[in-house]
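# Descriptive analysis of the structure
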Amino acid sequence: MSTPHVIPLPQLRDAMHQLVRGFGSEPAEVEAVAGNLIEANLTGHDSHGIGMLPRYADAYVQGGLKPNTHVSIVHDGGALLRLDGNAGFGQVIGQEAMALGIARAREMGSCIVALGNSHHLGRIGAWAEQAAAAGLVSLHFVNVISRAIVAPHGGADARFGTNPFCAGVPLTGRDPVILDFATSMIAQGKTRVAHNKGEQVAADCLIDEHGQPTRDPRYAVVPPFGALLTFGGHKGFGMALMCELLGGALAAGATQRTDDSSKKRVLNGMFSVLLDPAMLGERGAFEQEALAFIDWVKASPAREGFDPVQLAGEPERAMRAKRTAEGVPVDETTWQEILAAAGTLGLDAAEVNRAAGLTP
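This write-up is about the structure you can find in this document. (Residues numbered from 1 in each chain as written. Predicted model: local features only at pLDDT ≥ 70, side-chain atom pairs only at ≥ 80, totals over all residues. Heavy atoms only, no water.)

### Details of the environment of F225
How we decide: Each helix is a run of DSSP H or I of at least 4 residues and each strand a run of E of at least 2, with the numbering of both proceeding from the N terminus. By the convention used here, residues are in contact when the closest approach between their heavy atoms is within 4.5 Å.
Within the secondary structure layout, F225 lies in the loop between β9 (213-214) and β10 (227-228). In contact with F225, other than residues within four places in its own chain, are R147, E209, Y219, A220 and S261.

### Observations regarding the environment of A148
How we decide: Between buried and exposed lies partly exposed: a residue is buried under 20% and exposed over 50% of the maximum accessible area for its type, with that area taken using a 1.4 Å probe on protein chains only.
Relative to the elements of secondary structure, A148 occurs in the loop between β5 (137-145) and β6 (165-171). Accessibility expressed as a relative area gives 11% for A148, which makes it buried. Each C-alpha atom of the pair A148 and A131 lies 30 Å from the other, and the pair is 17 residues apart in sequence. Residues within four places of A148 in sequence aside, it is in contact with A158, R159, F160, Q256 and T258.

### Description of the nonpolar core
Spelled out, the test is: The nonpolar core is taken to be a set of buried Ala, Val, Leu, Ile, Met, Phe, Trp, Tyr and Cys residues, with the residues joined through side-chain atoms within 4.5 Å.
By size, the foremost hydrophobic cluster in this structure holds 35 residues, and its most contacted members are M16, F23, I50, L53, Y56 and W335. Broken down by secondary-structure element, the contributors of at least two residues to this core are α1 (9-21), α2 (27-42), α3 (53-62), β12 (328-330), α10 (332-344) and α11 (349-355). Apart from residues lying up to four places away in sequence, M16 is in contact with A34, I38, I50, L53, W335 and I338. Ranked by size, the runner-up nonpolar core spans 25 residues in total, among them A97, V113, L136 and L274.

Note that every value here comes from positions in space, so none of it alone points to a role or purpose.
Take a look at the structure:
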């Protein structure tokens, strides 16, 4: 296993801005896409970071990703919005969709946003963070239209995507609580990262093309394909099903029900609920009770072999501080895929390499 490149944040930004400009993106889109992907790497979620750009490049070449595209309103029901992402960059579409929902929730107390046909929305936690920064509670149910990668509980092959769920709770004077997870045991992108690093995945995460347990991530990355398993057995499957029904059938009007692996585009539907807690009563009382519970939970003594109790979002903030100071690690295989994507977009890969502070 080769030593990863550790790229300082300013150089990584320069290199990724250069690469995203290869899509023909306008400056604001370049900033939004590169910034969102790098933020995922900073928080330790490399599965949703810059390693997605090769997939984006292939989707763009195939016509499945439309740069410089914005969200459009299909139906305006006041506190109910149906939106079309028009296959635009999810990093732009997600931000615009949440901005519309936030404005309505502030005006009306709550808003349901049904978003369909967005290209890959990236780390869904980013949209809960956006809502939390506006003082809103949010819930997000997301489906994935791409190659199926997750098996239903008890099933021997893949039938749907990693279908993430996310929730965010703002707390005045404290960092928000952001819960963001795939309904599979691990995110599909984590199998790509493990495959590129030459590592195995944990046991009970994956089955091969015969439905047999395996720890080899190649069965989620290259054919013949196996499938990821849902977390918590039937419970994760139930949550994935709700994400498909709400984020897919209801919000997007499209569900994952094909085994076609030829298309590189990744489309998401997202069913979001945004709520102003102040409209339900005294915000101070809500936050006082929430903080009292958080302090009570975190006071639990650590079990042997465990770190002190942490809340959702705390490990990401710690990793962000570390990687901001020390640089972002990128394994050699992923970096070579990124350079190849630069070539796909008609860029000079050597220039991207130099922008990152790396030599051939």
